[in-house]
Amino acid sequence: TRCRQGGGASSAEEPLLAQYDNEQGKPKPKSPFRKRGSLQSTTSPADLSSVSGPNPLKPQRSLPGTPSSATHCPIDLRTSMEEKYKEIAEELFTRSMAETEMRSAPYEFPEESPIEQLEERRHRLERQISQDIKLEPEILLRAKQDFMKIDSAADLELINEKSVENDDVVIQEKEVHIEEFQRVSISGEEKCGVPFTDLVDAAKCVVKALFIREKYINYSLQSFCKTTAHALQELGLKVLDMGVYDVAETPVDADAPVHPPVSETHPYDNQDPRSMPGDTEYGCKMVGGVLHVYTKKTNMDKSTELDLPYPDLKEYIADLNVMMALVINGPVKSFCYRRLQYLSSKFQMHILLNEMKELAAQKKVPHRDFYNIRKVDTHIHASSCMNQKHLLRFIKRAMKKYPEEIVHIEHGRGQTLKEVFESMNLTAFDLSVDTLDMHADRNTFHRFDKFNSKYNPIGESILREIFIKTDNHVEGKYFAHIIKEVMADLEESKYQNSELRLSIYGRSRDEWDKLAQWAVGHSVYSDNVRWLVQVPRLFDVYRTKKQLANFQEMLENIFMPLFEATMNPRSHPELHLFLEHVVGFDSVDDESKPEHHIFNLDSPLPGDWTEEDNPPYSYYLYYTYANMTVLNHLRRENRRRGFNTFVLRPHCGEAGPIHHLVSGFMLTENISHGLLLRKAPVLQYLYYLAQIGIAMSPLSNNSLFLSYHRNPLPEYLSRGLMVSLSTDDPLQFHFTKEPLMEEYSIATQVWKLSSCDMCELARNSVLMSGFSQKVKSYWLGPSYYKEGPESNDIRRTNVPDIRVAYRCETLSEELQLITHAVHTDGLDPIDEEDSLTMGPLPG
Ligand SMILES: [Zn+2]
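Residues numbered from 1 in each chain as written. Predicted model: local features only at pLDDT ≥ 70, side-chain atom pairs only at ≥ 80, totals over all residues.

Participant: Mind showing me how you'd approach the overall build of the protein here?
Facilitator: Within the protein, the regular secondary structure consists of 32 helices and 15 strands. By the burial criterion, 44% of the 843 residues in the protein qualify as buried. Taking all contacts inside the protein whose residues are at least 6 apart in sequence as the whole, residues at least 24 apart take part in 73%. (Helix = DSSP H or I, 4+ residues; strand = E, 2+ residues; numbered from the N terminus. Buried ≥ 20, exposed ≤ 12 C-beta atoms within 10 Å, placed from the backbone. Contact = placed C-beta atoms within 7 Å.)

Participant: Honestly, the sheet that holds strand β8 (residues 496-503) in this entry has me stumped. Any pointers?
Facilitator: As a general point, the strands of a sheet are linked pairwise by backbone hydrogen bonds and lie either parallel or antiparallel. Read across the sheet, five strands follow the order β5-β8-β9-β10-β11 without closing on themselves; strand pairing throughout is parallel. Every other strand in the sheet has two partners, leaving β5 (375-381) and β11 (647-648) as the edge strands with one partner each. Across the sheet, helix α17 (residues 477-493) touches β8 and β9 (529-536), and the angle it forms with β8 is around 160 degrees. (Pairing = 2+ DSSP bridges. Axes fitted to C-alpha atoms, helices over the stretch in contact; angles between N-to-C directions.)

Participant: Could you clarify how one ought to interpret unusual backbone geometry in this entry?
Facilitator: The general pattern is negative phi for most residues beyond glycine and trans for most peptide bonds. Its identity as a non-glycine residue notwithstanding, Asp 437 has a phi of 50 degrees, on the positive side. One non-glycine residue, His 673, lies in the positive phi region at around 85 degrees. Along the chain, the position of His 673 falls in strand β13 (residues 670-673). Owing to 28 C-beta atoms within 10 Å, His 673 belongs among the buried residues under this scheme.

Participant: Could you clarify how one ought to interpret the confidence of the model for the protein in this entry?
Facilitator: Per-residue confidence for the protein gives a mean pLDDT of 80; residues scoring 70 or more make up 77%. Ranking the helices and strands of the protein by mean pLDDT puts β11 first, with 98, and helix α7 (residues 164-169) last, with 32. Counted against residues more than four places away or in other chains, residues 132-137, with its pLDDT under 50, gives three contacts. Of the regions scoring below 50 in pLDDT, residues 146-175 engages in 35 contacts with residues more than four places distant in sequence or in other chains. (pLDDT = per-residue confidence, 0-100.)

Participant: Looking at this structure, I do not really get the packing of helix α8 (residues 196-219) against helix α23 (residues 659-667). What am I missing?
Facilitator: A pair of packed helices is characterised by two quantities: the angle between their axes and the separation of those axes. As a packed pair, α8 and α23 sit with axes 7 Å apart at the nearest point and diverge in direction by 60 degrees. It follows from the interaxial angle that α8 and α23 lie oblique. Between α8 and α23, the contacting residues are Ile 212, Arg 213 and Tyr 216 on the first element and Phe 665, Met 666 and Leu 667 on the second. Each residue belonging to the contact of α8 with α23 can be placed in one class, and the counts come to five nonpolar, no polar and one charged. (Parallel < 35°, antiparallel > 145°, perpendicular 65-115°, else oblique. Nonpolar A, V, L, I, M, F, W, Y, C, P; charged D, E, K, R; others polar.)

Participant: How do you make sense of the sheet that holds β13 when you look at a structure like this?
Facilitator: Spatial ordering of the open sheet is given by β12-β13-β14-β15, a layout of four strands whose pairing is parallel. Two strands lie at the open edges of the sheet, namely β12 (651-652) and β15 (723-725), each paired on one side alone. Two elements, strand β14 (residues 693-696) and β15, share three bridges in a ladder whose sense is parallel. Residue pairing for β15: Met 696 is matched across the bridge by Leu 725. Contacts from helix α29 (residues 755-768) reach β13, β14 and β15, with the element oriented near 100 degrees to β15.

Participant: Before we go on, may I ask you to explain the pairing of strand β10 (residues 582-588) in this structure?
Facilitator: On any regular strand, side chains alternate: one points to one face of the sheet, the next to the other face. Across the seven residues of β10, six count as buried, placing the element largely inside the fold. The pairing of β9 with β10 spans six bridges and is classified as parallel. Bridging across to β10, Trp 531 finds its partner in Val 582. Taken together, the two bridges between β10 and β11 define a ladder with parallel strand orientation. What sits directly across from Gly 584, in β11, is Val 647.

Participant: Sorry if this is basic, but what is going on with the packing of α8 against helix α10 (residues 313-327) here?
Facilitator: Interhelical geometry of α8 versus α10 gives an angle of 145 degrees and a closest axis separation of 11 Å. Crossing angle aside, the handedness with which α8 passes α10 is left-handed. On the side of α8, the interface is formed by Cys 205, Ala 209 and Ile 212, while α10 contributes Asp 319, Val 322, Met 323 and Leu 326. (Left-handed = near helix turned anticlockwise from the far one by under 90°.)

Participant: Can you walk me through helix α24 (residues 681-689) in this structure?
Facilitator: The periodicity of an α-helix, 3.6 residues per turn, causes residues three or four places apart in sequence to face the same way. Of all nine residues making up α24, nine are buried, and the element is well covered by its neighbours. Along α24, the positions that sit buried rather than exposed are Pro 681, Val 682, Leu 683, Gln 684, Tyr 685, Leu 686, Tyr 687, Tyr 688 and Leu 689. Of the residues one or two after α24, Gln 691 is the one with positive phi, at around 50 degrees.

Participant: Honestly, the pairing of β8 in this entry has me stumped. Any pointers?
Facilitator: With respect to burial, β8 is a largely interior element, seven of its eight residues being buried. Here β5 pairs with β8 via five bridges, running parallel. Within β8, the position partnered with Lys 375 by the bridge is Gln 496. Looking at chain direction, β8 and β9 are connected through six bridges and run parallel. By the bridge assignment for β9, Ser 503 is matched with Gln 534. Viewed along the sheet, the connection from β8 through helix α18 (residues 511-521) into β9 turns out right-handed. (Right-handed = clockwise from strand over helix to strand, strands pointing away.)

Participant: Please clarify how the environment of Trp 531 should be interpreted in this entry.
Facilitator: Positionally, Trp 531 belongs in strand β9. By C-beta crowding, Trp 531 is classed as buried, having 23 other C-beta atoms within 10 Å. It is 6.1 Å that separates the C-alpha atoms of Trp 531 and Val 583, two residues lying 52 residues apart in sequence. The contact partners of Trp 531, leaving out residues within four places of it in the chain, are Leu 500, Leu 502, His 581, Val 582 and Val 583.

Participant: Before we go on, may I ask you to explain the environment of Thr 435 in this structure?
Facilitator: Here Thr 435 lies in helix α14 (residues 433-436). For Thr 435, a count of 13 C-beta atoms within 10 Å gives the class partly exposed. In sequence terms Thr 435 and Leu 392 are 43 residues apart; their C-alpha atoms lie 9.7 Å from each other. Excluding anything up to four places from it in sequence, Thr 435 contacts Asp 430 and Ile 458.

Structure follows, in structure tokens:
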């Protein structure tokens, strides 16, 4: 039996929820001038102004021509809470290092949650009642009615007619006729299921987090979800606008064909440096781990420094701490958990009511079906983009065709391909997929080390070097050939595209030039392929081998050539050409490897990072982000010279501590994997509201980290997160010639996805990909970048307008719920210290 300590049904629920806060029973002050409690006195006013300044969202250094008032934001992110945030964040970091045995992490919604217990009790009671009702109808019917009355979740109401409010927001501007569909709407007060004061507090936290993301994304010229940006704008706050959306592209005709026009010339045709943009005569050097650019090579100091802004370390650490404190805030966690549950249920309702209409809309479109809509494999590594059968056949062919070619230097002597195989006691006939042994199997589950060694054909690293590396004795010739065969297959399939990852390690300064020479020299290019550059987090390995003196050297090796190629393309002609087809950076490695360091202001700067320990994930990500941001500003200044900018799209949340996903939320355009969002409701809800792309690879997860039936993809999709399907490593996980189709096929069958779901996933994959705006206009429709059904062209995407409208309306409503709550209450600083205690360590 439950012991009620005063209060009604709803208050009995709250203390149970507040497992990680100690605000039980404490009435919240209503005044906008809330007392900040004891922390106030510990922070002197001088400290405050030096840390936060009057405009906390103001960049440290602003762009020339950007009025500093444009960056004003009245929500105070750095307050007297700064120290508290730091304390909490560090506690969380520390715990995540010792983790693994932790039963329920503080960012999780506890499994034995009071909500679930309540829910279960309610169901049991309901069942009981409905059974008993047959016996004693009258009394129990009344009991049931009473029971339902106190349950706000039962407030669901179906309204068959169109919701007027919704249409005002979304449909109004739409000219084309959208088929009518059934909407679910909730009525009544406190319709979101939590008391208004809780809603307000949670909403403020959520808004704060979204502002943080918007700031970092705008700074770095990546893209931020438009619908979310508009909602934040309605709060009357101006955030820093870098004019990312101003880029005018040649509009594509509404009736344009689905295929973009093919270029007459090969993009690598013109390698003449003289035809490339000239030297700016700029110079650059690294200061504190971030490159700075100067107008004179001879005089690199403050007087000649270009104003290329980025959020500095202090700002980042402060924001990271705010975010860390936020994801474990009890009431916020509970609020986000409920909203996610609601989004799932709402989608179920939508399907129940509109499935037939969606299907009918798809059938009405001539010619278009799942096979001939555009799909992008948003996460795939070049070194394993072919399947094992393909690699096997290729190796056999090479053995026959080039037996006498010297492919490798062993003890100063050249070895031919024939000799290499002889030394392994193998003939072409012996080779089979089994001897190749490159498929992940049940021995690789939770064993990333074993998985990594599977990259070696027949367990021999020398074959890996010869066949799947760009930098070897044959200058990556074989690898170029096999990639070109994969490209030819993609082109033949017409509708499948890939964003292949190539590696830059940061061990030496010439890696970029070699990689570019490989691509340009062997003409490795396809309209169906864009490159991402992955940087493995292997500093500790290189440092142990004494290849690097400190972390800054690694950063210089990665970024210096890119700055040089931007300042003076003629100094790196191949790299200049190659970079046009590179869309961004990926950060890769086993995320479950333990981290031994907490990233804070006491951490050594990259130049001082000389220990053999690896810096933590967030450290890698911040310095990659900061350098990329400066580089993007430099390249955009030169936009007229034809430079593209880059985005950050790391592996994130596949395993490991939660702060990976926090850094991902703050710094990146989109992420790969995101599996751990399933355990962190606050972050999952934020990823939803910001519509951050998540490239998911359930088959890969199934071999490494999470069995297929537990994969959260269907849940994410139903809630409206921006997910897409990708293959990760076809060589290791797939069997057929069309690995991406294999991925879709299995997902569809296991999770019983509808044709509409599949097409939505495919559309998402194009949206989150790095293909150009122009190409996307052909693939998705000329207005694809707009909001709502207007952005959709079913003749190209095969996604019914109904689905697109549902997603857009749902997101807008969700954002409205939050912004209205913040608006109603006014923008006074958030009183949080009560809810910011971690509680004892479990167990
Ligand atoms: Zn991967």
